[in-house]
Amino acid sequence: MPKSDYEKPSIVRHTMGMMNEFGRPSGQNHCYEIDGVPVESLVKEYGSPLIVFSESTIRERHAELHRAFSLRYPKIQIAWSYKTNYLNAICAIMHQEGSWAEVVSEYEYEMAKNLGIKGNHIVVNGPYKPDSFLMNAVKDKAMINIESLDEIYTLEKIASAYGEAVEVGMRINMDTGMLTAWERFGVNLESGQAYEVAKRIVSGGKLKLVGLHSHIGTFILDPKFYQQQAISLCTFASRLKDEFGISLKYINIGGGFASRNRLKSTYLPTTYMAPSFDAYAESICNIILGAFPHDNLPTLFLETGRALVDESGYLISTVGSTKRLPSGIRALILDAGVNIAVTSYWYDLEILPVQDRGYFMEDHVIFGPLCMNIDVCRDLVKLPLLNKGDNVVIRPFGAYNVTQWTQFIRMRPPVLLLGMNGEMDVIREAEDVTYLKQKEKLPKRLEPANSVGSVNRE
Ligand SMILES: Cc1ncc(COP(=O)(O)O)c(C=O)c1O
């Protein structure tokens, strides 16, 4: 039997974990495989760290969302929220499943068009839309949700230049009873601003108001807030009909459904917290169905992001070293940190061992490899005593990581897609220094031949 490495003794207080209404704390969980493919073999072939997406999980979640809403409302359209994850392959799967695109910048718009999405199947949102972006969007007949009076003025000028009315939606913020209402996007309902803006659109005569949009927040754990959102939007829609004769083509309720992730400092485990798509649909669809004549229903748009993609993503990482901190707590230093797992700032991502290392569990802090104090993937998690070289799987990882990641200190790793029939496709290659430096320019006078040791200060 090989002799195990010496480790300085320390006294650890064992807490067995108290019973709560859900019974004992769950036993040790592992992640040996992803979609039937052993994690160890993935690391052997593609290295570590490695990001893996499961195509079947994405398609299943999309089908679940579509089913939950289309069972309850006859005209629904999902628009994939690009900023949640705009890897081409992921967007292409969403589009194959029937999603349109929802974008918040001109370069997301370009990505969607490069994937073959027609402008009139792109929802254009966001607080900053440069004039040239709006011009392109109008030309393509994209669905623009205006945010401010300034956007109205710009769009009116564009409409005059084209000589035809431009159809627009307006983004509305509102109080749904949530602790902190998002008020910086769109125009406010309760203050009367939304009404004034609608009046301005109508009186300008150059734009045609055809839709209402609202995105009330993200990771919203209680469907009752959506119910209030739907009631407020429908009440406003009915006022628009009565006063201006507007018959809306669409109501867009944005995104925000919770994935099976765990927001930091929430009490209950995720499986008890995230409502099903059915629960969300139940609280939204009846309200809208009851508010419009059935032969003239607006299309219900959903811009679901994280709840569609989060569970499909995994980050595989390797323990680079272990140590004890002065507090006695055991620490793991992984080869992947917060530059990749950006969402670990806000969520307690699950960290699952890949190898069996016995049943004894101890509190750990999980650091990444960056030479920065903020690089903490989990500040407290019970794990068995893993060794250098062991692997862990970090999940759910699919939402907002591969868009917000940076190459700070460590480069971004490759991304692999596990297909429905056992295919393994690298959908983004690992970065290297050449990639990182390709946009830099080194002035001739600073080139190595001219610069190394060339300054003589004597
Ligand atoms: C306008 C809009 N739509 C959709 C989304 C996607 O939200 P989520 O990932 O919470 O579903 C966002 C994200 O913030 C958003 O700003």
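Residues numbered from 1 in each chain as written. Predicted model: local features only at pLDDT ≥ 70, side-chain atom pairs only at ≥ 80, totals over all residues.

A look at the packing of helix 5 (residues 131-139) against helix 6 (residues 149-162)
Phase 1 of the analysis: Their axes nearest at 10 Å, the elements helix 5 and helix 6 cross at an angle of 45°. By the angle between their directions, the pair helix 5 and helix 6 is classed as oblique. By crossing handedness, the relation of helix 5 to helix 6 is classed as right-handed. Where helix 5 approaches helix 6, its residues Asp 131, Leu 134, Met 135 and Val 138 are matched on the opposing element by Thr 154, Leu 155, Ile 158 and Tyr 162.
Phase 2 of the analysis: Classifying every residue of the contact of helix 5 with helix 6 by side-chain character gives six nonpolar, one polar and one charged. (Axes fitted to C-alpha atoms, helices over the stretch in contact; angles between N-to-C directions. Helix = DSSP H or I, 4+ residues; strand = E, 2+ residues; numbered from the N terminus. Parallel < 35°, antiparallel > 145°, perpendicular 65-115°, else oblique. Left-handed = near helix turned anticlockwise from the far one by under 90°. Contact = placed C-beta atoms within 7 Å. Nonpolar A, V, L, I, M, F, W, Y, C, P; charged D, E, K, R; others polar.)

Topic: the site of the ligand
Phase 1 of the analysis: For the ligand, the set of nearby residues contains 15 residues, the closest of which are Thr 218, Gly 255, Glu 303, Gly 305 and Arg 306.
Phase 2 of the analysis: Among the residues forming the shell around the ligand, the class breakdown is two nonpolar, ten polar and three charged. (Near = placed C-beta within 6 Å.)

Details of the pairing of strand 7 (residues 143-146)
Successive side chains on a regular strand alternate, one facing one side of the sheet and the next facing the other.
Phase 1 of the analysis: Neither face of strand 7 is left uncovered, since the one carrying Met 143 and Asn 145 and the one carrying Ile 144 and Ile 146 both have all their residues buried.
Phase 2 of the analysis: Of the strand pairs in this sheet, strand 6 (residues 122-124) and strand 7 are connected by two bridges, and their pairing is parallel. Note on strand 7: the bridge partner recorded for Val 123 is Met 143.
Phase 3 of the analysis: At this point the chain moves from strand 6, through helix 5, to the parallel strand 7, and the crossover so formed is right-handed.
Phase 4 of the analysis: Across three bridges, the pairing between strand 7 and strand 8 (residues 166-173) is parallel. Across the sheet, residue Asn 145 finds its bridge partner in strand 8, namely Gly 169.
Phase 5 of the analysis: Once the chain exits strand 7 it traverses helix 6 before rejoining the sheet at strand 8, and the crossover so formed is right-handed. (Buried ≥ 20, exposed ≤ 12 C-beta atoms within 10 Å, placed from the backbone. Pairing = 2+ DSSP bridges. Right-handed = clockwise from strand over helix to strand, strands pointing away.)

A short note on the domain arrangement of the protein
Phase 1 of the analysis: Domain annotation for the protein reports domain 1 (33-52 + 312-432) and domain 2 (55-310).
Phase 2 of the analysis: The C-alpha centroid of domain 2 is placed 33 Å from the C-alpha centroid of domain 1.
Phase 3 of the analysis: Residue-level contacts link 19 residues of domain 1 with 21 residues of domain 2.
Phase 4 of the analysis: Within the residue set of the side of domain 1 that touches domain 2, elements represented by two or more residues are helix 12 (401-404), strand 19 (415-418) and strand 20 (424-428).
Phase 5 of the analysis: For the side of domain 1 that touches domain 2, the class distribution of residues is eleven nonpolar, five polar and three charged. (Domains from an automatic or database assignment.)

A closer look at the confidence of the model for the protein
Phase 1 of the analysis: This prediction gives the protein a mean pLDDT of 93; 93% of its residues lie at or above 70.
Phase 2 of the analysis: The least confident element of the protein, judged by mean pLDDT, is helix 9 (residues 270-273) at 71; the most confident is strand 3 (residues 50-54) at 99. (pLDDT = per-residue confidence, 0-100.)

Quick notes on unusual backbone geometry
Phase 1 of the analysis: Here the amide bond leading from Ser 48 into Pro 49 is cis, since omega sits at 0°, within 30 degrees of zero.
Phase 2 of the analysis: Here Pro 49 shows up in the loop between helix 1 (39-46) and strand 3.
Phase 3 of the analysis: Positive phi values are uncommon outside glycine, yet Tyr 400 reaches one of about 65°.
Phase 4 of the analysis: Mapped onto the elements of the fold, Tyr 400 is located in the loop between strand 18 (391-395) and helix 12.
Phase 5 of the analysis: Residue class for Tyr 400 comes out buried when judged on the 22 C-beta atoms lying within 10 Å of it.

Topic: the environment of Ile 394
Phase 1 of the analysis: If you trace the backbone, Ile 394 turns up in strand 18.
Phase 2 of the analysis: For the pair Ile 394 and Ser 344, spaced 50 residues apart in sequence, the C-alpha to C-alpha distance is 10.0 Å.

Description of helix 7 (residues 193-204)
Phase 1 of the analysis: For helix 7, built from twelve residues, the straight-helix expectation of 16 Å at 1.5 Å per residue is met to within 8% by its first-to-last C-alpha distance of 16 Å.
Phase 2 of the analysis: For helix 7, every residue scored as buried is listed here: Ala 194, Val 197, Ala 198 and Ile 201. Looking straight down helix 7, one finds that the buried residues subtend no more than 100° of arc, so they occupy a single side.
Phase 3 of the analysis: In the core, the buried residues of helix 7 are packed alongside helix 6, strand 8, strand 9 (187-188), strand 10 (207-213) and helix 8 (224-244).
Phase 4 of the analysis: One or two residues past the end of helix 7 sits Gly 205, with phi positive at roughly 70°. (Expected span 1.5 Å × (residues − 1). Arc of directions from axis to C-beta.)

Some remarks on the environment of Asn 29
Phase 1 of the analysis: Within the secondary structure, Asn 29 sits in the segment before strand 1 (33-34).
Phase 2 of the analysis: Classification of Asn 29 by C-beta neighbours within 10 Å gives exposed; the count is 10.
Phase 3 of the analysis: Separated by 354 residues in the primary sequence, Asn 29 and Leu 383 place their C-alpha atoms 9.1 Å from one another.

Focus on the packing of helix 6 against helix 7
What describes two packed helices is the angle between their axes and the distance between those same axes.
Phase 1 of the analysis: Taken N-terminus to C-terminus, the directions of helix 6 and helix 7 make an angle of 15°; their axes are 11 Å apart at the nearest point. One finds that helix 6 runs roughly parallel with respect to helix 7. Along this stretch, helix 6 crosses helix 7, giving a crossing that reads as right-handed. Between helix 6 and helix 7, the residues in contact are Leu 149, Ile 152 and Glu 156 and Val 197, Arg 200, Ile 201 and Gly 204, respectively.
Phase 2 of the analysis: Considered class by class, the residues forming the contact of helix 6 with helix 7 number four nonpolar, one polar and two charged.

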